[in-house]
Amino acid sequence: MLTLGTLPWSVKFLWGPVIDRFQFPAMGRRRPWILLAQSGMIVVLASMMLIPNPEENVLTMAWMFLVYNIFTSLQDVSTDALAVDVLQPHEMEKVNSYMFTAKSVGGIIGGAGLGLVIGTLGIKGTILLQIPILVVIMLVPLLMTERPGEKRFPWSEGTTEVEVEHDQRDFREIIGKVKIAFSMRSAQLGIVLSLVMSLSFFLIPVLPLLFVRELGWTVEEFNVTKGGLILVFTMLGYLAGGQLGRRFGGKSVIIYGALFTALTTSLWGMSESMWSSGSFMMVMWSIRTFAWGLVTINIYSLVMRVTWSEVGGTQFTAY
């Protein structure tokens, strides 16, 4: 189930050329895709309610989970492309910090929150609870427009300020523009930054082994810490990183934040004699998480800044 659920996220870059090619500018370049994705998520969840005994039909649920995450990944790509299109340069760091903090809060509500609800209401009851949550979220793109003058609904009146030339583009033109975008030195440096940031995730599979298998923590203690205190420091890092990046410049925060994170990680690694202290481990983990949050949010802002909005769905998803 986990394999099928995460598969769409592994290939979500395939959505980039699709949403860059097929557009309905009268309702916005990205908004129709977001509405389609949100509607698909709601329909799939509602369809899960029709499955008798979900606990006994794991394979069926897994395939529906796959379809659900196809729509979720589409929404993710479309929302990022929308941010690339509409944000002004001076808004990048601040808005990205809000976006990723909100994503973390959503993770708490949808993961830990609904995870606890499953024990009381069961799988079907939890799914039934999640449907109205998605409907409420959908009201945001449903009732707002990307730009002044655009249609809220296909039958609404409106005169968009966006040129309608996007309807004439084909995939060959999209690929050509992507090549131009990545021929820029700033875009190539963005690729390097994205790869380096991915390499930093090596701690994700290492930490459970360290805490649970080597240091004797229970799985519950580790998960509560990771989903509680550590997630709070992640959000604080995002918020502080956005403000610091806006004030001192994203590149400076990336440089000094990454250096501080590297020093903290090195100190943590060389202090093995103190690993038996739960307080020490919590402090080091929290400091490193906060510092890397500063770096992460400014890397996202930097690559968004060098993304060409013409192929924003493709280029930013590639990062």
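Our subject is the structure listed above.
Let me sum up the structure you'll find in this document. As the structure is a computational prediction, the values presented were derived from the model and not from experiment.

**Notes on the overall build of the chain**
So, point 1. Helices and strands together make up the secondary structure of the chain, namely 13 helices and 0 strands.
So, point 2. Moving toward the C terminus, one meets the helices and strands of the chain in the order α-α-α-α-α-α-α-α-α-α-α-α-α.
So, point 3. Computed over its C-alpha atoms, the radius of gyration of the chain comes to 21 Å, within 12% of the 20 Å expected for a compact globule of 319 residues.
So, point 4. Taken along its principal axes, the extent of the C-alpha atoms in the chain is 65 × 55 × 30 Å.
So, point 5. Expressed as a percentage of the 319 residues in the chain, the buried residues total 42%.
So, point 6. Intrachain contacts of the chain at a sequence separation of at least 6 include 77% that bridge at least 24 residues.
So, point 7. Carbon and sulfur atoms make up 70% of the accessible area of the chain, which totals about 17200 Å².

**Concerning the pattern of salt bridges**
Opposite charge on two side chains makes pairing possible when the charged atoms of those side chains draw close.
So, point 1. For the structure shown, the criterion picks out 9 salt bridges.
So, point 2. A salt bridge links Glu173 to Lys177; its shortest N-O distance comes to 3.6 Å. Of the two residues, Glu173 and Lys177 both sit in helix α6 (residues 171-183), 4 residues apart, roughly one turn of that helix.
So, point 3. Take Lys177: its relative accessible area is 16%, and that puts it in the buried class.
So, point 4. Shared partners join several salt bridges into a network, and the residues in it are Asp20, Arg29, Arg30 and Asp85.

**Here's the deal with the side chain of Thr296**
So, point 1. In this fold, Thr296 is placed in helix α12 (residues 278-305).
So, point 2. In this structure, Thr296 is in contact with Met197 and Tyr238, ignoring residues within four places of it in sequence.

**Concerning the environment of Trp308**
So, point 1. If you trace the backbone, Trp308 turns up in the loop between α12 and α13 (312-318).
So, point 2. Since its relative accessible area comes to 33%, Trp308 is described here as partly exposed.
So, point 3. A C-alpha to C-alpha distance of 24 Å links Trp308 and Gly241, two positions 67 residues apart in sequence.
So, point 4. Leaving out residues up to four positions away in the same chain, Trp308 has contacts with Lys177, Ile180, Ala181 and Gln315.

**Here's the deal with the packing of aromatic side chains**
So, point 1. Scanning the entire structure with this criterion turns up 9 aromatic pairs.
So, point 2. When the centroid spacing of 5.2 Å and the interplanar angle of 5° are considered together, the rings of Phe153 and Trp155 count as stacked.
So, point 3. Overall, Phe153 belongs to the partly exposed group, its relative accessible area being 24%.
So, point 4. For Trp155, a relative accessible area of 69% translates into the label exposed.
So, point 5. Between Phe182 and Tyr319, the ring centres sit 5.7 Å apart and the planes meet at 70°, which makes this aromatic pair edge-to-face. In this pair, Phe182 is assigned in helix α6 and Tyr319 in the segment after α13, connecting sequence segments 137 residues apart. For the pair shown, Phe182 and Tyr319 are each scored as buried.
So, point 6. Joined through ring pairs, the aromatic side chains of Phe211, Trp217, Phe222 and Trp285 make up one cluster.

**Here we look at the nonpolar core**
So, point 1. In this structure, Leu45, Met48, Tyr68 and Leu134 are the most contacted members of the largest nonpolar core, which totals 15 residues.
So, point 2. Of all the secondary structure elements, the ones that give two or more residues to this core are α3 (31-48), α4 (58-86) and α5 (92-143).
So, point 3. For this core, the element with the most residues is α3, which contributes 6 residues.
So, point 4. Beyond its immediate sequence surroundings of up to four residues, Leu45 is in contact with Tyr68, Ile127, Gln130, Ile131 and Leu134.
So, point 5. Membership of the second largest hydrophobic core comes to 14 residues, among which are Met92, Ala187, Val303 and Phe316.

Thresholds, definitions, all that
- Residues numbered from 1 in each chain as written.
- Predicted model: local features only at pLDDT ≥ 70, side-chain atom pairs only at ≥ 80, totals over all residues.
- Heavy atoms only, no water.
- Helix = DSSP H or I, 4+ residues; strand = E, 2+ residues; numbered from the N terminus.
- Rg over C-alpha atoms; globule rule 2.2 N^0.38 Å.
- Buried < 20%, exposed > 50% of the residue type's maximum accessible area, 1.4 Å probe, protein only.
- Contact = heavy atoms within 4.5 Å.
- Areas by Shrake-Rupley, 256 points an atom, 1.4 Å probe, with all protein chains shown as cover.
- Salt bridge = Lys/Arg side-chain N within 4 Å of Asp/Glu carboxyl O.
- Phe/Tyr/Trp six-rings, centres within 6.5 Å; stacked < 30°, edge-to-face > 60°.
- Core = buried A, V, L, I, M, F, W, Y, C linked by side-chain atoms within 4.5 Å.

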